[in-house]
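Inside the fold
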Amino acid sequence: MNEITYMVIEGTHKNPNDKSTIIKKTKKIYGPFNKKKAEDFAAGLIQKNVDNYYHRAWVVKGQVNLNNICEECKNDSPTVIQNLMMHGYKICDSCKLSKTIFPI
Ligand SMILES: [Zn+2]
């Protein structure tokens, strides 16, 4: 799978216009996503933290180590990557059914 993937990084910054000033302990990384999903996800994070001037979310292009391990049950399933790209959750279909964590 050579599709270009995107990650979203959010966190509090010393200088919100400079992503290298992110404060490490506030840093969260999400993804991988496809481009559209990454942009939507970042927009959602920005919206949610709109009152925090120092909070920023960035979309970064990157190839990540994709595997099929579900984050919930740790089982290896080919549906994990599909769910990750589609919904942004690294879970298998059986966990997807048992959880109602899908974004609107
Ligand atoms: Zn699972």
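The following refers to the structure shown. Throughout, residues of each chain are indexed from 1 in the direction in which the sequence is written. Side-chain atom pairs in this predicted model are given and counted only at pLDDT of 80 or more, local residue features only at pLDDT of at least 70, and totals for whole chains, interfaces and linings cover all residues. Side-chain numbers come from the whole structure's heavy atoms, not from hydrogens or water.

What to know about the overall build of the protein chain
Applicable threshold: Numbering of helices and strands starts at the N terminus; helices are DSSP runs of H or I of at least 4 residues and strands are runs of E of at least 2. Whether two residues are in contact is decided by their heavy atoms: any pair within 4.5 Å suffices. In this description, accessible areas are obtained by the Shrake-Rupley approach with a 1.4 Å probe, and a residue is regarded as covered only by the protein chains that are shown.
Scanning the protein chain from N- to C-terminus turns up three helices and three strands. Each helix (α) and strand (β) of the protein chain, taken in turn from the N terminus, gives the series β-β-α-β-α-α. Summarising the internal contacts of the protein chain: among those between residues at least 6 apart in sequence, 51% fall at separations of at least 24. Of the roughly 6900 Å² of accessible surface on the protein chain, a fraction of 53% belongs to carbon and sulfur atoms.

Concerning the nonpolar core
We apply this condition: The set of buried Ala, Val, Leu, Ile, Met, Phe, Trp, Tyr and Cys residues whose side-chain atoms join them within 4.5 Å is what this entry labels a nonpolar core. Under the scheme applied here, a residue whose accessible area is under 20% of the maximum for its type counts as buried, over 50% as exposed, and between as partly exposed, the area being computed with a 1.4 Å probe on protein chains only.
One finds Tyr6, Val8, Phe33, Ala38, Ala42, Leu45 and Ala57 forming the largest nonpolar core, which totals seven residues. Looking at this core, the elements with two or more residues in it are strand S1 (6-12) and helix H1 (35-48). When residues in this core are grouped by element, the largest group, three residues, is from H1. Setting aside chain neighbours within four positions, we find alanine 57 in contact with Val8, Ile9, Glu10, Ala42, Leu45 and Ile46. In terms of nonpolar packing, the next biggest core, distinct from the first, is built from five residues, Cys70, Ile91, Cys92 and Cys95 among them.

Focus on the coordination of the zinc ion
Using the following cut-off: Each metal's donors are the N, O and S atoms within 2.8 Å of it, or within 3.2 Å when it is Na, K or Ca, and because water is not part of the set, sites may look incomplete. In these descriptions, tetrahedral denotes four donors with every angle between 85 and 135 degrees, square planar four donors and octahedral six donors with opposite donors over 155 degrees apart and the rest between 65 and 115, and irregular any other case.
Protein-derived coordination of the zinc ion comes from Cys70 (SG), Cys73 (SG), Cys92 (SG) and Cys95 (SG), at a distance range of 2.2 to 2.3 Å. Its four donor atoms give the zinc ion angles of 102 to 115 degrees at the centre, a pattern that matches the tetrahedral case. Owing to a relative accessible area of 4%, cysteine 92 belongs among the buried residues under this scheme.

Some details on the pattern of salt bridges
Counted only if it meets this: We define a salt bridge as a contact between a side-chain nitrogen of Lys or Arg and a carboxyl oxygen of Asp or Glu at a distance within 4 Å.
Taken as a whole and judged by the stated rule, the model has three salt bridges. For the salt bridge of glutamate 39 with lysine 35, the shortest nitrogen-to-oxygen distance reads 3.0 Å. Taken as a pair, glutamate 39 and lysine 35 lie in helix H1 at a separation of four residues, close to a single helical turn. For glutamate 39, a relative accessible area of 38% puts it in the partly exposed group. We classify lysine 35 as partly exposed; its relative accessible area is 43%. One salt bridge connects lysine 96 with aspartate 93, and the closest N-O pair in it is separated by 3.9 Å.

Focus on the sheet that holds strand S2 (residues 28-33)
For the record, the criterion: By this definition, two strands are paired if DSSP reports at least two bridges between them. The convention used is that axes are lines fitted to C-alpha atoms, helices contributing only their stretch in contact, and that angles between N-to-C directions extend from 0 to 180 degrees.
Taken in spatial order, the three strands make up an open sheet running S2-S1-S3, and their pairing is antiparallel. Single-partner strands in this sheet number two, and they are S2 and strand S3 (55-61). For this sheet, the mean inter-axis angle between neighbouring strands, taken without regard to orientation, is 20 degrees. Note: S1 against S2, four bridges, orientation antiparallel. Counted as the bridge partner of isoleucine 9 is isoleucine 29 from S2.

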